[in-house]
Amino acid sequence: MQLRYNYRAYPDASQRRALANAFGCARVVWNDCLRDRKEAHAAGLPYVKSAELSRLRITQAKRTEERAWLADVSAVVLQQSLRDLDTAYKNFFDSLEGKRQGRKAGPPRYKSKKDTRQSIRLNTNAFSLTENGMVYVAKVGNLKVKWSRRLPAAPTSLTVTKDSCGRYFLSFVVDTEPDILPGLETDAGLDLGLSVFAVLSDGTKIDSPRFLRRAEKKLKRLQRELSRKAKGSKNRAKARIRVARQHAKVADRRRDWHHKVSTQIIRDNQAVYVEDLAVSGLGRTRLAKSVYDAGWSVFVGMLEYKAALHGRTFARVDRAFPSSQVCSACGFRDGPKPLHVREWTCKECGTVHDRDHNAARNVLFEGRRIVATGRVETLNACGVPVRRAHVPAQRVEAGSPRKGQTTQAGIPGLQTREHVKSPSRRTSSCPRPAALHAAWPLFWRANGGSGSR
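**Observations regarding the pattern of salt bridges**
The tally for this structure, following the rule as stated, stands at 23 salt bridges. Across the pair arginine 35 and aspartate 32 runs a salt bridge whose closest N-O atoms are separated by 3.0 Å. Taken together, the positions of arginine 35 and aspartate 32, both in helix H1 (residues 13–42) and three residues apart, correspond to about one turn of that helix. Note on arginine 35: relative accessible area 33%, which makes it partly exposed. Classification of aspartate 32 by relative accessible area gives buried; the value is 5%. Between aspartate 32 and arginine 67 there is a salt bridge, with its nearest N and O atoms 3.1 Å apart. Placement of the pair is aspartate 32 in helix H1 and arginine 67 in the loop between helix H2 (50–59) and helix H3 (75–97), with a sequence separation of 35 residues.

**Concerning the sheet that holds strand E1 (residues 2–9)**
Strand pairing within a sheet occurs via backbone hydrogen bonds; the two strands may be parallel or antiparallel. The five strands lie next to each other as E2-E7-E8-E1-E6, forming an open sheet whose pairing is antiparallel. Edge positions in the open sheet fall to strand E2 (118–123) and strand E6 (145–146), since each of these has one partner strand only. In terms of strand pairing, strand E7 (residues 155–162) meets strand E8 (residues 168–175) through seven bridges, oriented antiparallel. Counted as the bridge partner of serine 157 is valine 173 from E8.

**So, the pairing of E7**
Counting buried residues along E7, seven of its eight residues qualify, which places the element largely inside the surrounding structure. As paired strands, E2 and E7 are joined by six bridges and run antiparallel to one another. Across the sheet, the residue bridging to glutamine 118 is lysine 162, located in E7. Hairpin connection between E7 and E8: a loop of five residues separates the two successive antiparallel strands, and glycine 166 in this loop has a positive phi of roughly 85°.

**Brief notes about the pairing of E8**
Of all the eight residues making up E8, six are buried; the element is thus mostly covered by neighbouring parts of the structure. With eight bridges joining them, E1 and E8 adopt antiparallel strand pairing. When the sheet's bridge partners are listed, asparagine 6 is paired in E8 with serine 171.

**A word on the packing of aromatic side chains**
Within the structure shown, the criterion is met by 11 aromatic pairs. Ring centres of phenylalanine 92 and phenylalanine 93 lie 5.6 Å apart, and the angle between their planes is 40°; this geometry places the pair in the tilted category. Note on accessibility: phenylalanine 92 and phenylalanine 93 belong to one class, buried. Aromatic pair phenylalanine 211 and tryptophan 257: ring centres 6.4 Å apart, planes at 65°, arrangement edge-to-face. Residue phenylalanine 211 is found in helix H4 (residues 211–214), and its partner tryptophan 257 is found in helix H6 (residues 234–268); the two are separated by 46 residues along the sequence. With respect to burial, phenylalanine 211 and tryptophan 257 carry one shared label: buried. Taken together, the ring pairs in this structure connect Tyr7, Phe127, Trp147 and Phe172 into an aromatic cluster. The ring of phenylalanine 169 carries the charged tip of arginine 8 above its face, separated from the ring centre by 5.8 Å.

**Digging into the sheet that holds strand E10 (residues 196–200)**
Spatial ordering of the open sheet is given by E11-E10-E9-E12-E13, a layout of five strands whose pairing is mixed. Both outer strands of the open sheet, strand E11 (205–207) and strand E13 (313–317), are each paired with one neighbouring strand and no more. Each strand of the sheet is rotated relative to its neighbour by a mean of 20°, with strand direction disregarded. Summarising the sheet, strand E9 (residues 187–192) and E10 pair through three bridges and their orientation is antiparallel. By the bridge assignment for E10, leucine 192 is matched with alanine 198.

**Looking at the packing of H6 against helix H9 (residues 296–309)**
Two numbers describe how H6 lies on H9: the axes approach to 9 Å, and their chain directions differ by 40°. Classed by the angle they form, the pair H6 and H9 counts as oblique. In terms of crossing hand, the pair formed by H6 and H9 is right-handed. Here Arg255, His258, His259, Val261, Ser262, Thr263, Ile265 and Ile266 of H6 come into contact with H9, specifically with Val298, Phe299, Met302, Leu303, Tyr305, Lys306 and Ala307. In terms of residue class, the contact of H6 with H9 is made up of nine nonpolar, four polar and two charged.

**Thoughts on unusual backbone geometry**
One non-glycine residue, lysine 139, lies in the positive phi region at around 60°. Structurally, the position occupied by lysine 139 is in the loop between strand E4 (135–137) and strand E5 (141–143). Positive phi is not limited to glycine here, since arginine 210 has a value of about 50°. Arginine 210 sits in the partly exposed class, given a relative accessible area of 36%.

**Concerning a positive patch on the surface**
Side chains of Arg214, Lys218, Lys234, Lys238, Arg242, Arg245, Lys249 and Arg253 sit close together on the surface and give a patch of like positive charge. Along the polypeptide, arginine 214 turns up in helix H4.

**Topic: the packing of helix H5 (residues 216–228) against H6**
Interaxial distance between H5 and H6 falls to 9 Å at its minimum, and their mutual angle equals 160°. Relative to H6, H5 is oriented roughly antiparallel. Here H5 and H6 pass one another in a crossing that is left-handed. Across from Lys218, Leu219, Leu222, Gln223, Glu225, Leu226 and Ser227 in H5, the residues of H6 making contact are Arg236, Ala239, Arg240, Arg242, Val243, Gln246 and His247. Of the residues in the contact of H5 with H6, the class split is five nonpolar, four polar and five charged.

**What about the nonpolar core?**
In this structure, Ile120, Val135, Trp147, Leu151, Leu158, Leu170 and Phe172 are the most contacted members of the largest nonpolar core, which totals 52 residues. With 11 residues, H1 is the single largest residue contributor to this core. Ignoring anything within four residues of it in the chain, the contact list for leucine 170 reads Tyr5, Asn6, Tyr7, Ala9, Val135, Leu143, Val145, Leu158, Thr159 and Val160. Ranked by size, the runner-up nonpolar core spans 27 residues in total, among them Ile206, Phe211, Leu212 and Ile266.

Thresholds, definitions, all that
Residues numbered from 1 in each chain as written. Predicted model: local features only at pLDDT ≥ 70, side-chain atom pairs only at ≥ 80, totals over all residues. Heavy atoms only, no water. Salt bridge = Lys/Arg side-chain N within 4 Å of Asp/Glu carboxyl O. Helix = DSSP H or I, 4+ residues; strand = E, 2+ residues; numbered from the N terminus. Buried < 20%, exposed > 50% of the residue type's maximum accessible area, 1.4 Å probe, protein only. Pairing = 2+ DSSP bridges. Phe/Tyr/Trp six-rings, centres within 6.5 Å; stacked < 30°, edge-to-face > 60°. Lys NZ or Arg CZ within 6 Å of the ring centre and 35° of its normal. Axes fitted to C-alpha atoms, helices over the stretch in contact; angles between N-to-C directions. Parallel < 35°, antiparallel > 145°, perpendicular 65-115°, else oblique. Left-handed = near helix turned anticlockwise from the far one by under 90°. Contact = heavy atoms within 4.5 Å. Nonpolar A, V, L, I, M, F, W, Y, C, P; charged D, E, K, R; others polar. Patch = residues over 30% accessible without salt bridge, like charges linked within 9 Å, V, L, I, M, F, W, Y side chains within 5 Å. Areas by Shrake-Rupley, 256 points an atom, 1.4 Å probe, with all protein chains shown as cover. Lys, Arg positive; Asp, Glu negative; His and termini not counted. Charge placed at Lys NZ, Arg CZ, Asp CG, Glu CD. Core = buried A, V, L, I, M, F, W, Y, C linked by side-chain atoms within 4.5 Å.

Right, dumping it as structure tokens:
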């Protein structure tokens with residue numbers, strides 16, 4: 001099982017310049033290789049292989065006057081940038097063929113030096129953990145890190161990231177074993193909402209903190225100050241950073257709250273069932289700000305990966321299931337109801353229902369039925385997980401081989417261990433035949449062909 005651990009880094013002035021140089025070189029290699037493949041495709045030429053791009057755009061480019069500065073950074077940074085481009089193309093092709101689950105992936109795009117997020121990726125040949133608690137990065141130096149928890153194993157990959165407000169983070173990918181919790185007899189169904197963040201099937205209600213709404217007044221003031229600054233001025237750059245920092249605080253508070261709530265739910269229940277909501281569709285309505293402020297997708301993703309990590313059962317109930325229309329007492333379907341109806345009485349048995357609590361109970365019953373039919377992985381009679389789903393690291397980063405590992409597992413003196421976030425799995429979508437027909441030349445050339453179909 002792969003997990004990602006993030007830590008805050010504090011590089012000095014010279015290290016910040018070295019990292020900025022590395023970000024720029026990785027971006028140039030990405031754009032050069034992407035341009036070569038786009039031009040080859042436009043000219044009807046075969047798909048340019050990675051070995052050819054590595055020779056032209058990295059090895060030979062270092063010997064030219066225009067790209068001589070590529071030698072100032074670690075060669076691992078440049079090679080990993082090319083590998084990331086290969087991964088982006090593979091995701092695009094797999095999405096067109098229907099092999100890749102989740103939302104349809106588009107073709108790779110050019111990167112800009114004005115992007116708010118810059119990053120480089122390294123394998124174990126270009127970084128190591130030192131005895132004094134620092135992280136050595138090739139051609140950057142020893143970075144000071146704020147260790148908030150201990151690494152459970154030696155990391156296989158490192159991503160150095162600079163966010164929009166100028167903060168630096170080190171993200172380690174580690175291979176670790178599942179942390180199975182003691183078995184319980186309880187399970188829970190969750191109904192997510194806006195007025196109340198979540199209602200559990202036992203009647204427990206979790207209030208929505210509304211982090212964005214609470215910070216909206218200060219954000220409006222900072223945004224007005226930013227709009228008054230002249231474009232291109234230093235004052236505008238300072239005002240932009242102030243706005244970005246405020247947004248980062250809101251995101252950090254929401255993420256921390258999601259982690260605490262999701263961990264508590266997973267620890268208290270052997271099985272958790274959640275309705276699969278169409279968040280992207282609700283994000284195009286008048287409720288968009290409240291929907292994204294709640295962060296349903298991130299929260300459900302946390303529940304899913306923590307359930308796999310701790311040996312719990314997790315299932316998604318289809319969004320077409322009428323959880324708000326069915327009476328949880330007798331099963332009578334009473335028809336659709338507008339959102340302002342928060343309480344209703346069943347016409348068949350006369351039971352008075354709270355809308356959210358009734359929906360949570362129906363999600364619980366449907367989740368149990370899904371597990372009983374064997375559509376999701378669960379525990380056997382001995383408490384051993386059966387076909388437990390693999391939990392990947394964020395952004396599907398596989399890391400590097402651990403043969404000849406020189407890094408250390410953890411930092412001396414730190415004994416705490418916390419959970420980290422992993423990406424959620426989404427339902428697969430089948431591509432349209434027209435999209436496959438239009439993308440046929442790409443697949444043809446990717447397999448070594450040339451010319452048209």
